[in-house]
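Observations on the three-dimensional arrangement
Read off the chains here:
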Amino acid sequence: MEHSPGNPLSAEPEIETSHAEEFVEELRRVTDTLPSRINVDSQSVEQGLAKLVLTLIEFIRRLLEKQAVRRMEGGDLSPEQIEELGLALMRLEAKLQDLKTQFGLADEELNLDLGPVGRLI
Amino acid sequence: MSFYVYCVVDPIDSLPDETLKGLGQQEVSLLRLAELAVIVSEFAGNTVPVSEANVIAHQKVIRSLLEVTTPLPFRFGTLVSESQLNSYLSSRQPALLQKLDDLRGCVEMSVKVIWPTSERPRTVNSEDQHLGSGTAFLAAKKEEIVGDATIASKANELLAWLNSHLDNLIRDEQVTLRPRERLVLAAAHLLERERLPAYKNGLAMARAERAGLHFLLSGPWPPYSFTNIDLEFKSKFGVN
Amino acid sequence: MSSPFEQVVLQSDFDELETSELSLLETLDHVLNRGLVIAGEITISVADIDLIFLGLNVLVSSVETAQEVLRERERRESVGGTERLHTER
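Procedures and definitions
Residues numbered from 1 in each chain as written. Chains lettered and ligands numbered in written order. Predicted model: local features only at pLDDT ≥ 70, side-chain atom pairs only at ≥ 80, totals over all residues. Helix = DSSP H or I, 4+ residues; strand = E, 2+ residues; numbered from the N terminus. Buried ≥ 20, exposed ≤ 12 C-beta atoms within 10 Å, placed from the backbone. Contact = placed C-beta atoms within 7 Å. Pairing = 2+ DSSP bridges. Axes fitted to C-alpha atoms, helices over the stretch in contact; angles between N-to-C directions. Core = buried A, V, L, I, M, F, W, Y, C linked by C-beta atoms within 7 Å. Domains from an automatic or database assignment. Nonpolar A, V, L, I, M, F, W, Y, C, P; charged D, E, K, R; others polar. Expected span 1.5 Å × (residues − 1). Arc of directions from axis to C-beta. Parallel < 35°, antiparallel > 145°, perpendicular 65-115°, else oblique.

Another aspect to go through is the overall build of chain C. When you go through chain C residue by residue, the secondary structure sums to two helices and two strands. Of the regular secondary structure in chain C, the N- to C-terminal order runs α-β-β-α. Split into buried and exposed, the 89 residues of chain C put 35% on the buried side. Of the contacts formed within chain C by residues at least 6 apart in sequence, a portion of 26% connects residues at least 24 apart.

Structure below.
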(Lines give C-alpha, C1' and ligand atoms only; values in the text may rest on other atoms or scores of the structure.)
Protein backbone atom coordinates (compact mmCIF):
# COMPACT_ATOMS: atom_id res chain seq x y z
CA MET A 1 0.00 0.00 0.00
CA GLU A 2 1.58 3.20 -1.14
CA HIS A 3 -0.41 5.52 1.05
CA SER A 4 0.72 6.11 4.59
CA PRO A 5 -2.17 5.99 7.01
CA GLY A 6 -0.34 8.64 9.01
CA ASN A 7 -1.21 11.21 6.38
CA PRO A 8 -4.97 11.16 6.25
CA LEU A 9 -6.76 13.52 3.92
CA SER A 10 -9.78 15.36 5.19
CA ALA A 11 -13.09 13.85 4.22
CA GLU A 12 -14.18 16.63 1.86
CA PRO A 13 -12.11 18.91 -0.34
CA GLU A 14 -11.61 22.10 1.61
CA ILE A 15 -12.40 25.39 -0.01
CA GLU A 16 -10.67 28.38 1.42
CA THR A 17 -11.18 31.96 0.36
CA SER A 18 -11.94 35.35 1.85
CA HIS A 19 -13.93 36.36 -1.19
CA ALA A 20 -16.59 33.73 -1.70
CA GLU A 21 -19.10 36.06 -3.33
CA GLU A 22 -16.62 37.31 -5.89
CA PHE A 23 -15.53 33.84 -6.85
CA VAL A 24 -19.10 32.63 -7.14
CA GLU A 25 -19.72 35.48 -9.55
CA GLU A 26 -16.57 34.81 -11.57
CA LEU A 27 -17.05 31.05 -11.73
CA ARG A 28 -20.59 31.54 -12.91
CA ARG A 29 -19.35 33.90 -15.61
CA VAL A 30 -16.83 31.32 -16.73
CA THR A 31 -19.53 28.72 -17.00
CA ASP A 32 -21.69 31.17 -18.94
CA THR A 33 -19.13 31.79 -21.63
CA LEU A 34 -18.48 28.19 -22.47
CA PRO A 35 -19.94 26.40 -25.48
CA SER A 36 -23.59 26.22 -26.39
CA ARG A 37 -24.65 22.82 -27.36
CA ILE A 38 -24.70 21.63 -30.90
CA ASN A 39 -28.06 20.08 -31.46
CA VAL A 40 -29.26 17.89 -34.27
CA ASP A 41 -32.00 20.21 -35.42
CA SER A 42 -31.03 22.32 -38.40
CA GLN A 43 -31.34 25.72 -36.78
CA SER A 44 -28.70 24.86 -34.25
CA VAL A 45 -26.47 23.32 -36.85
CA GLU A 46 -26.55 26.66 -38.65
CA GLN A 47 -25.79 28.37 -35.41
CA GLY A 48 -22.83 26.09 -34.80
CA LEU A 49 -21.50 26.69 -38.29
CA ALA A 50 -22.02 30.44 -38.05
CA LYS A 51 -20.03 30.43 -34.87
CA LEU A 52 -17.19 28.52 -36.44
CA VAL A 53 -17.07 30.78 -39.48
CA LEU A 54 -17.28 33.98 -37.46
CA THR A 55 -14.57 32.73 -35.14
CA LEU A 56 -12.22 32.26 -38.04
CA ILE A 57 -13.08 35.65 -39.52
CA GLU A 58 -12.57 37.27 -36.14
CA PHE A 59 -9.19 35.61 -35.83
CA ILE A 60 -8.11 36.87 -39.23
CA ARG A 61 -9.52 40.31 -38.56
CA ARG A 62 -7.35 40.62 -35.47
CA LEU A 63 -4.32 39.50 -37.38
CA LEU A 64 -5.07 42.12 -40.02
CA GLU A 65 -5.34 44.81 -37.38
CA LYS A 66 -2.05 43.84 -35.81
CA GLN A 67 -0.35 43.80 -39.15
CA ALA A 68 -1.83 47.17 -40.09
CA VAL A 69 -0.55 48.69 -36.86
CA ARG A 70 2.86 47.17 -37.50
CA ARG A 71 2.94 48.67 -40.97
CA MET A 72 1.81 52.01 -39.65
CA GLU A 73 4.56 51.99 -37.05
CA GLY A 74 7.04 50.82 -39.62
CA GLY A 75 6.66 54.11 -41.45
CA ASP A 76 6.20 52.75 -44.96
CA LEU A 77 2.61 53.90 -45.35
CA SER A 78 1.52 57.32 -46.46
CA PRO A 79 -1.01 59.22 -44.33
CA GLU A 80 -3.65 58.57 -46.99
CA GLN A 81 -2.95 54.86 -46.94
CA ILE A 82 -3.17 54.78 -43.18
CA GLU A 83 -6.50 56.55 -43.34
CA GLU A 84 -7.88 54.14 -45.96
CA LEU A 85 -6.62 51.11 -44.10
CA GLY A 86 -8.06 52.35 -40.82
CA LEU A 87 -11.46 53.02 -42.35
CA ALA A 88 -11.60 49.62 -43.99
CA LEU A 89 -10.71 47.85 -40.74
CA MET A 90 -13.20 49.97 -38.86
CA ARG A 91 -15.95 48.89 -41.23
CA LEU A 92 -14.86 45.29 -40.95
CA GLU A 93 -15.10 45.44 -37.18
CA ALA A 94 -18.55 47.02 -37.38
CA LYS A 95 -19.70 44.44 -39.92
CA LEU A 96 -18.57 41.58 -37.76
CA GLN A 97 -20.35 43.11 -34.79
CA ASP A 98 -23.55 43.15 -36.87
CA LEU A 99 -23.15 39.52 -37.76
CA LYS A 100 -22.60 38.56 -34.14
CA THR A 101 -25.77 40.38 -33.20
CA GLN A 102 -27.72 38.76 -36.02
CA PHE A 103 -26.74 35.32 -34.82
CA GLY A 104 -27.10 36.20 -31.19
CA LEU A 105 -23.50 35.46 -30.37
CA ALA A 106 -21.54 37.09 -27.58
CA ASP A 107 -17.91 38.09 -28.03
CA GLU A 108 -16.71 35.40 -25.65
CA GLU A 109 -18.46 32.69 -27.64
CA LEU A 110 -16.23 33.11 -30.64
CA ASN A 111 -13.30 30.98 -29.80
CA LEU A 112 -11.72 27.66 -30.56
CA ASP A 113 -10.22 25.57 -27.83
CA LEU A 114 -7.16 23.87 -29.23
CA GLY A 115 -6.48 21.92 -26.08
CA PRO A 116 -2.95 22.21 -24.74
CA VAL A 117 -2.05 24.65 -27.48
CA GLY A 118 -4.48 27.08 -25.91
CA ARG A 119 -7.33 29.09 -27.33
CA LEU A 120 -7.31 30.48 -30.84
CA ILE A 121 -8.28 33.97 -29.69
CA MET B 1 -26.46 -3.52 -18.88
CA SER B 2 -24.66 -0.24 -18.70
CA PHE B 3 -22.00 0.60 -16.25
CA TYR B 4 -21.43 4.06 -14.95
CA VAL B 5 -17.67 4.29 -14.68
CA TYR B 6 -15.96 6.39 -12.04
CA CYS B 7 -12.25 5.71 -12.27
CA VAL B 8 -9.44 3.30 -12.93
CA VAL B 9 -7.50 2.48 -9.77
CA ASP B 10 -4.31 0.91 -8.59
CA PRO B 11 -5.57 -2.54 -7.60
CA ILE B 12 -7.03 -2.79 -4.12
CA ASP B 13 -8.68 -5.69 -2.34
CA SER B 14 -11.89 -3.99 -1.41
CA LEU B 15 -13.66 -0.68 -1.45
CA PRO B 16 -12.76 1.69 1.39
CA ASP B 17 -16.38 2.38 2.22
CA GLU B 18 -18.78 -0.40 1.39
CA THR B 19 -21.76 1.75 2.34
CA LEU B 20 -21.03 4.60 -0.06
CA LYS B 21 -23.53 4.70 -2.90
CA GLY B 22 -23.00 5.92 -6.43
CA LEU B 23 -25.28 7.66 -8.88
CA GLY B 24 -28.92 6.86 -8.38
CA GLN B 25 -28.10 5.30 -5.02
CA GLN B 26 -26.63 2.31 -6.82
CA GLU B 27 -24.09 0.07 -5.22
CA VAL B 28 -20.50 0.72 -6.20
CA SER B 29 -18.27 -2.20 -7.20
CA LEU B 30 -14.71 -2.98 -8.09
CA LEU B 31 -14.23 -4.75 -11.42
CA ARG B 32 -11.10 -6.37 -12.68
CA LEU B 33 -10.69 -6.15 -16.42
CA ALA B 34 -7.59 -6.36 -18.57
CA GLU B 35 -5.43 -6.51 -15.44
CA LEU B 36 -6.70 -3.18 -14.31
CA ALA B 37 -9.17 -2.33 -11.60
CA VAL B 38 -12.15 -0.12 -12.33
CA ILE B 39 -14.80 1.32 -10.08
CA VAL B 40 -18.31 1.10 -11.50
CA SER B 41 -21.94 1.06 -10.62
CA GLU B 42 -24.95 -0.18 -12.51
CA PHE B 43 -26.89 2.43 -14.34
CA ALA B 44 -30.41 2.30 -15.64
CA GLY B 45 -30.95 4.28 -18.78
CA ASN B 46 -28.98 5.58 -21.73
CA THR B 47 -28.12 9.03 -20.60
CA VAL B 48 -26.74 10.59 -17.47
CA PRO B 49 -28.67 13.62 -16.28
CA VAL B 50 -26.40 16.36 -15.17
CA SER B 51 -27.82 17.09 -11.78
CA GLU B 52 -26.33 18.31 -8.56
CA ALA B 53 -26.94 14.92 -6.95
CA ASN B 54 -25.18 13.04 -9.73
CA VAL B 55 -22.21 15.36 -9.84
CA ILE B 56 -21.76 15.14 -6.10
CA ALA B 57 -22.16 11.35 -6.08
CA HIS B 58 -19.51 11.11 -8.80
CA GLN B 59 -17.05 13.22 -6.87
CA LYS B 60 -17.71 11.44 -3.57
CA VAL B 61 -17.03 8.00 -4.95
CA ILE B 62 -13.76 9.01 -6.55
CA ARG B 63 -12.77 11.00 -3.50
CA SER B 64 -13.28 7.99 -1.27
CA LEU B 65 -10.84 6.03 -3.43
CA LEU B 66 -8.24 8.73 -3.02
CA GLU B 67 -7.95 7.72 0.62
CA VAL B 68 -6.57 4.29 -0.18
CA THR B 69 -5.26 4.20 -3.73
CA THR B 70 -4.58 6.18 -6.89
CA PRO B 71 -7.73 6.94 -8.87
CA LEU B 72 -7.68 7.93 -12.53
CA PRO B 73 -11.06 9.60 -12.87
CA PHE B 74 -13.24 9.16 -15.93
CA ARG B 75 -15.08 12.13 -17.29
CA PHE B 76 -18.39 12.68 -15.61
CA GLY B 77 -21.14 10.91 -17.52
CA THR B 78 -19.22 7.93 -18.84
CA LEU B 79 -21.63 5.10 -19.55
CA VAL B 80 -20.44 1.93 -21.24
CA SER B 81 -21.18 -1.73 -21.64
CA GLU B 82 -18.77 -4.22 -20.12
CA SER B 83 -17.37 -5.13 -23.52
CA GLN B 84 -16.79 -1.49 -24.46
CA LEU B 85 -15.03 -0.97 -21.16
CA ASN B 86 -12.95 -4.08 -21.64
CA SER B 87 -11.89 -3.02 -25.10
CA TYR B 88 -11.03 0.50 -23.93
CA LEU B 89 -8.95 -0.82 -21.04
CA SER B 90 -7.10 -3.48 -23.02
CA SER B 91 -6.20 -1.09 -25.81
CA ARG B 92 -5.03 1.60 -23.40
CA GLN B 93 -3.48 -0.66 -20.83
CA PRO B 94 0.17 0.42 -21.09
CA ALA B 95 -0.77 4.10 -21.03
CA LEU B 96 -3.07 3.62 -18.06
CA LEU B 97 -0.46 1.68 -16.11
CA GLN B 98 2.07 4.39 -16.86
CA LYS B 99 -0.35 7.07 -15.75
CA LEU B 100 -1.05 5.21 -12.50
CA ASP B 101 2.70 5.16 -11.93
CA ASP B 102 2.97 8.87 -12.61
CA LEU B 103 0.15 9.79 -10.28
CA ARG B 104 0.78 7.41 -7.44
CA GLY B 105 0.66 9.12 -4.06
CA CYS B 106 -0.36 12.44 -5.59
CA VAL B 107 -3.31 14.75 -5.22
CA GLU B 108 -4.55 17.79 -7.08
CA MET B 109 -4.85 21.20 -5.51
CA SER B 110 -6.57 24.13 -7.16
CA VAL B 111 -5.61 27.80 -7.00
CA LYS B 112 -7.67 30.56 -8.55
CA VAL B 113 -6.73 34.21 -8.49
CA ILE B 114 -8.86 37.28 -9.08
CA TRP B 115 -7.03 40.49 -9.61
CA PRO B 116 -9.41 43.24 -8.61
CA THR B 117 -9.62 46.33 -10.79
CA SER B 118 -7.07 48.23 -8.76
CA GLU B 119 -4.39 45.61 -9.32
CA ARG B 120 -5.01 45.18 -13.01
CA PRO B 121 -2.95 47.23 -15.43
CA ARG B 122 -5.18 49.64 -17.26
CA THR B 123 -6.07 48.76 -20.79
CA VAL B 124 -7.29 51.04 -23.47
CA ASN B 125 -10.41 49.95 -25.25
CA SER B 126 -10.55 51.20 -28.79
CA GLU B 127 -14.33 51.19 -28.77
CA ASP B 128 -14.22 54.01 -26.26
CA GLN B 129 -12.34 56.25 -28.61
CA HIS B 130 -14.05 58.76 -30.83
CA LEU B 131 -13.69 56.92 -34.08
CA GLY B 132 -13.86 59.84 -36.45
CA SER B 133 -11.31 58.59 -38.86
CA GLY B 134 -9.41 55.58 -40.00
CA THR B 135 -6.18 56.99 -38.64
CA ALA B 136 -7.64 57.53 -35.18
CA PHE B 137 -9.02 54.00 -35.32
CA LEU B 138 -5.59 52.54 -36.01
CA ALA B 139 -3.96 54.68 -33.37
CA ALA B 140 -6.45 53.42 -30.83
CA LYS B 141 -5.91 49.85 -31.97
CA LYS B 142 -2.23 50.27 -31.44
CA GLU B 143 -2.86 51.33 -27.84
CA GLU B 144 -5.14 48.38 -27.36
CA ILE B 145 -2.59 45.95 -28.74
CA VAL B 146 0.13 47.37 -26.59
CA GLY B 147 -2.19 47.27 -23.62
CA ASP B 148 -3.04 43.64 -24.34
CA ALA B 149 0.61 42.75 -24.51
CA THR B 150 1.18 44.50 -21.21
CA ILE B 151 -1.52 42.65 -19.35
CA ALA B 152 -0.53 39.38 -20.93
CA SER B 153 2.97 39.85 -19.63
CA LYS B 154 1.65 40.89 -16.21
CA ALA B 155 -0.40 37.73 -16.13
CA ASN B 156 2.63 35.64 -16.99
CA GLU B 157 4.58 37.46 -14.33
CA LEU B 158 1.87 36.59 -11.83
CA LEU B 159 2.14 32.95 -12.75
CA ALA B 160 5.91 32.98 -12.43
CA TRP B 161 5.66 34.72 -9.06
CA LEU B 162 3.18 32.14 -7.79
CA ASN B 163 5.38 29.31 -8.99
CA SER B 164 8.37 30.79 -7.23
CA HIS B 165 6.57 30.17 -3.95
CA LEU B 166 5.86 26.58 -4.89
CA ASP B 167 9.27 25.69 -6.24
CA ASN B 168 10.04 21.97 -6.11
CA LEU B 169 6.74 21.17 -4.47
CA ILE B 170 4.70 20.65 -7.61
CA ARG B 171 5.10 17.73 -9.93
CA ASP B 172 2.94 19.08 -12.69
CA GLU B 173 0.50 21.87 -13.38
CA GLN B 174 -2.37 22.77 -15.68
CA VAL B 175 -2.84 26.52 -15.87
CA THR B 176 -5.39 28.73 -17.59
CA LEU B 177 -4.48 32.39 -17.84
CA ARG B 178 -7.10 34.93 -18.86
CA PRO B 179 -5.30 38.27 -18.82
CA ARG B 180 -8.35 40.31 -19.76
CA GLU B 181 -10.55 38.78 -17.08
CA ARG B 182 -10.82 39.37 -13.37
CA LEU B 183 -10.37 35.66 -12.83
CA VAL B 184 -6.92 35.91 -14.30
CA LEU B 185 -5.46 32.61 -13.20
CA ALA B 186 -6.84 29.12 -12.61
CA ALA B 187 -4.22 26.53 -11.79
CA ALA B 188 -4.41 22.83 -11.04
CA HIS B 189 -1.32 21.55 -9.23
CA LEU B 190 -0.27 17.95 -8.99
CA LEU B 191 1.72 17.20 -5.86
CA GLU B 192 2.70 14.33 -3.61
CA ARG B 193 0.50 14.29 -0.59
CA GLU B 194 3.45 14.56 1.78
CA ARG B 195 4.13 17.95 0.28
CA LEU B 196 0.70 19.31 1.16
CA PRO B 197 1.73 21.12 4.35
CA ALA B 198 4.70 22.77 2.64
CA TYR B 199 2.49 23.66 -0.32
CA LYS B 200 -0.10 25.28 1.91
CA ASN B 201 2.62 27.23 3.63
CA GLY B 202 4.00 28.40 0.34
CA LEU B 203 0.59 29.66 -0.64
CA ALA B 204 0.03 31.33 2.71
CA MET B 205 3.25 33.25 2.20
CA ALA B 206 2.28 34.23 -1.30
CA ARG B 207 -1.07 35.53 -0.11
CA ALA B 208 0.54 37.57 2.62
CA GLU B 209 2.98 39.04 0.15
CA ARG B 210 0.35 40.30 -2.27
CA ALA B 211 -2.67 41.15 -0.23
CA GLY B 212 -4.23 42.96 -3.17
CA LEU B 213 -4.92 39.69 -4.94
CA HIS B 214 -7.90 37.52 -4.11
CA PHE B 215 -7.27 33.80 -3.81
CA LEU B 216 -9.43 30.73 -3.82
CA LEU B 217 -7.81 27.49 -2.76
CA SER B 218 -9.53 24.14 -2.98
CA GLY B 219 -8.51 20.56 -2.56
CA PRO B 220 -7.24 18.02 -2.15
CA TRP B 221 -8.95 16.66 -5.23
CA PRO B 222 -8.43 13.42 -7.10
CA PRO B 223 -6.13 14.15 -10.06
CA TYR B 224 -8.92 15.06 -12.50
CA SER B 225 -6.79 17.44 -14.52
CA PHE B 226 -3.85 15.10 -15.01
CA THR B 227 -5.38 12.06 -16.63
CA ASN B 228 -4.56 12.81 -20.23
CA ILE B 229 -3.36 9.60 -21.84
CA ASP B 230 -4.23 10.33 -25.43
CA LEU B 231 -2.01 12.08 -27.90
CA GLU B 232 -1.97 15.74 -26.93
CA PHE B 233 -3.88 16.88 -29.93
CA LYS B 234 -6.57 14.29 -29.88
CA SER B 235 -7.54 14.69 -26.29
CA LYS B 236 -9.46 17.88 -26.17
CA PHE B 237 -10.69 19.46 -29.31
CA GLY B 238 -13.62 21.68 -28.71
CA VAL B 239 -15.56 24.23 -30.61
CA ASN B 240 -16.37 27.04 -28.28
CA MET C 1 -5.44 34.92 14.70
CA SER C 2 -7.12 32.05 12.93
CA SER C 3 -5.17 29.70 10.69
CA PRO C 4 -5.47 30.76 7.06
CA PHE C 5 -6.88 27.38 6.20
CA GLU C 6 -9.88 27.25 8.43
CA GLN C 7 -13.06 27.42 6.47
CA VAL C 8 -14.76 30.75 6.16
CA VAL C 9 -16.87 31.17 9.27
CA LEU C 10 -20.54 30.85 8.44
CA GLN C 11 -22.27 33.95 9.69
CA SER C 12 -25.70 33.51 8.29
CA ASP C 13 -27.86 31.35 6.11
CA PHE C 14 -26.84 33.43 3.15
CA ASP C 15 -23.18 32.68 3.73
CA GLU C 16 -23.95 29.01 4.00
CA LEU C 17 -25.78 29.02 0.67
CA GLU C 18 -22.91 30.85 -0.88
CA THR C 19 -20.28 28.53 0.48
CA SER C 20 -22.15 25.51 -0.71
CA GLU C 21 -22.75 27.09 -4.11
CA LEU C 22 -19.05 27.79 -4.30
CA SER C 23 -18.38 24.19 -3.39
CA LEU C 24 -20.70 23.05 -6.16
CA LEU C 25 -19.10 25.38 -8.71
CA GLU C 26 -15.64 24.18 -7.79
CA THR C 27 -16.77 20.56 -8.01
CA LEU C 28 -18.31 21.19 -11.42
CA ASP C 29 -15.09 22.82 -12.52
CA HIS C 30 -13.22 19.66 -11.65
CA VAL C 31 -15.46 16.85 -12.82
CA LEU C 32 -16.74 18.26 -16.07
CA ASN C 33 -14.39 18.59 -19.04
CA ARG C 34 -11.67 16.56 -17.35
CA GLY C 35 -10.86 12.93 -16.88
CA LEU C 36 -10.46 9.88 -19.08
CA VAL C 37 -12.63 9.86 -22.16
CA ILE C 38 -14.02 6.80 -23.84
CA ALA C 39 -14.63 8.60 -27.08
CA GLY C 40 -17.94 8.49 -28.80
CA GLU C 41 -19.59 6.49 -26.08
CA ILE C 42 -20.62 9.18 -23.69
CA THR C 43 -24.02 10.67 -23.75
CA ILE C 44 -25.03 13.31 -21.32
CA SER C 45 -28.50 14.68 -21.32
CA VAL C 46 -29.99 17.82 -19.95
CA ALA C 47 -33.71 18.25 -19.64
CA ASP C 48 -34.42 15.29 -21.91
CA ILE C 49 -32.24 16.59 -24.69
CA ASP C 50 -29.36 14.34 -25.66
CA LEU C 51 -25.98 15.93 -26.07
CA ILE C 52 -24.20 13.77 -28.53
CA PHE C 53 -20.46 13.47 -28.88
CA LEU C 54 -19.57 13.89 -32.48
CA GLY C 55 -16.93 11.74 -34.12
CA LEU C 56 -14.37 14.53 -34.04
CA ASN C 57 -14.34 14.42 -30.25
CA VAL C 58 -16.06 17.73 -30.32
CA LEU C 59 -17.14 18.10 -26.77
CA VAL C 60 -20.59 19.48 -26.56
CA SER C 61 -21.81 20.34 -23.38
CA SER C 62 -20.43 20.49 -20.16
CA VAL C 63 -20.74 24.04 -19.38
CA GLU C 64 -24.20 24.61 -20.47
CA THR C 65 -25.02 21.63 -18.33
CA ALA C 66 -23.30 23.36 -15.45
CA GLN C 67 -25.70 26.22 -15.95
CA GLU C 68 -28.56 23.77 -15.81
CA VAL C 69 -27.35 22.42 -12.48
CA LEU C 70 -27.18 25.92 -11.07
CA ARG C 71 -30.61 26.82 -12.38
CA GLU C 72 -32.08 23.66 -10.91
CA ARG C 73 -30.61 24.62 -7.61
CA GLU C 74 -32.04 28.11 -7.75
CA ARG C 75 -35.44 26.75 -8.64
CA ARG C 76 -35.30 24.46 -5.65
CA GLU C 77 -34.20 27.16 -3.29
CA SER C 78 -36.87 29.57 -4.39
CA VAL C 79 -39.51 26.97 -3.60
CA GLY C 80 -38.85 27.52 0.07
CA GLY C 81 -36.78 26.63 3.06
CA THR C 82 -38.14 23.15 3.60
CA GLU C 83 -37.21 22.16 0.09
CA ARG C 84 -33.67 23.38 0.28
CA LEU C 85 -31.14 20.78 -0.58
CA HIS C 86 -28.17 20.54 1.70
CA THR C 87 -25.03 19.16 0.20
CA GLU C 88 -23.59 16.69 2.62
CA ARG C 89 -20.47 17.80 4.39
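Moving on, we get to the overall build of chain B. Across its full length, chain B carries five helices and 11 strands. Taking the intrachain contacts of chain B between residues at least 6 apart in sequence as the baseline, contacts between residues at least 24 apart amount to 74%.

What follows covers the sheet that holds strand β10 (residues 214-221) of chain B. With antiparallel pairing, the five strands of this open sheet are ordered in space as β1(A)-β10(B)-β7(B)-β9(B)-β8(B). Since the sheet does not close on itself, it has two edges, and those belong to β1 (14-17) of chain A together with β8 (172-177) of chain B, each with one partner. Each adjacent strand pair in this sheet contributes to an overall mean axis angle of 10°, direction not counted. Sheet analysis places strand β7 (residues 106-114) of chain B next to strand β9 (residues 183-192) of chain B, joined by nine bridges and oriented antiparallel. Its bridge partner being in β9 of chain B, Cys 106 of chain B is matched across the sheet by Glu 192 of chain B. Where helix α4 (residues 196-209) of chain B meets the sheet, it contacts β7, β9 and β10 of chain B, and its direction lies at approximately 175° from that of β10 of chain B.

Turning our attention to the nonpolar core. Soluble globular proteins tend to pack their nonpolar side chains together in the buried interior. Core analysis: the largest hydrophobic core is formed by 71 residues, its most contacted members being Tyr 4, Val 5, Tyr 6, Cys 7, Val 8, Val 38 and Ile 39 of chain B. Summarising the domain contributions, this core has at least three residues from each of domain 1 (2-103) and domain 2 (106-235) of chain B. With residues up to four places along the chain from it excluded, the contact list for Tyr 4 of chain B reads Gly 22, Leu 23, Val 40, Ser 41, Phe 43, Val 48 and Leu 79 of chain B. With seven residues, the next largest nonpolar core counts Ala 68, Val 69 and Leu 85 of chain A together with Phe 137 of chain B among its residues.

Residue and element names in this part refer to chain B. If you trace the backbone, Ser 64 turns up in helix α1 (residues 52-66). Counting along the chain gives 48 residues from Ser 64 to Lys 112, while the straight-line C-alpha distance between them is 24 Å. With sequence-adjacent residues up to four places away left out, Ser 64 is seen in contact with Pro 16, Asp 17 and Leu 20.

Bringing the environment of Val 50 of chain B into the picture now. Residue and element names in this part refer to chain B. Looking at the secondary structure, you find Val 50 in the loop between β4 (48-49) and α1. Residue Val 50 is classed as buried on the basis of its 25 C-beta neighbours within 10 Å. Residues Val 50 and Ile 229, spaced 179 residues apart in sequence, show a C-alpha to C-alpha distance of 25 Å.

Residue and element names in this part refer to chain B. The domain architecture assigned to chain B consists of domain 1 (2-103) and domain 2 (106-235). Just the C-alpha atoms count here: the centres of domain 1 and domain 2 sit 32 Å apart. In this assembly, 11 residues from domain 1 lie in contact with eight residues from domain 2. At the level of elements, α1, β5 (71-73) and α2 (82-103) are the ones that each hand at least two residues to the side of domain 1 that touches domain 2. Residue composition of the side of domain 1 that touches domain 2, by class: eight nonpolar, no polar and three charged.

A separate point is α4 of chain B. All names here are of chain B. Between its first and last C-alpha atoms α4 spans 20 Å; for 14 residues at 1.5 Å apiece the expected length is 20 Å, and the two agree. Within α4, the full set of buried residues consists of Tyr 199, Gly 202 and Leu 203. An end-on view of α4 places all buried positions within 95° of arc, on one side of the element. In α4, the exposed residues that point more than 90 degrees away from the buried face are Pro 197, Met 205 and Ala 208.

Attention now moves to the pairing of β1 of chain A. Each regular strand shows side chains that alternate between the opposite faces of the sheet. On β1 of chain A, burial follows the alternation: Ile 15 and Thr 17 of chain A on one face are buried, whereas Glu 14 and Glu 16 of chain A on the facing-out side are not. The pairing of β1 of chain A with β10 of chain B spans four bridges and is classified as antiparallel. Considered in β10 of chain B, the bridge of Thr 17 of chain A is made with Leu 216 of chain B.

Before going further, it helps to spend a moment on the packing of helix α3 (residues 79-103) of chain A against helix α3 (residues 134-165) of chain B. Where α3 of chain A contacts α3 of chain B, the axes come no closer than 6 Å and their chain directions differ by 75°. As far as their axial angle goes, α3 of chain B and α3 of chain A are roughly perpendicular. Across the interface between the two elements, Ile 82, Glu 83, Glu 84, Leu 85, Gly 86, Leu 87, Leu 89 and Met 90 of chain A from α3 of chain A touch Gly 134, Thr 135, Phe 137 and Leu 138 of chain B from α3 of chain B. For the contact of α3 of chain A with α3 of chain B, a count of residues per class yields seven nonpolar, three polar and two charged.

So, about α1 of chain B. All names here are of chain B. Over its 15 residues, α1 runs 21 Å from end to end, which matches the ideal 21 Å to within 8%, given 1.5 Å per residue. With 11 of its 15 residues buried, α1 lies for the most part within the structure. The complete set of buried residues in α1 reads Asn 54, Val 55, Ile 56, Ala 57, His 58, Gln 59, Val 61, Ile 62, Arg 63, Leu 65 and Leu 66.

This next bit is on the pairing of strand β3 (residues 36-43) of chain B. All names here are of chain B. Burial analysis of β3 places seven of its eight residues in the buried class, the great majority of the element. With six bridges joining them, strand β2 (residues 28-33) and β3 adopt antiparallel strand pairing. The partner of Arg 32 across the bridge, within β3, is Ala 37. Count of turn residues in the β2/β3 antiparallel hairpin: two residues, of which Ala 34 carries a positive phi of about 50°.

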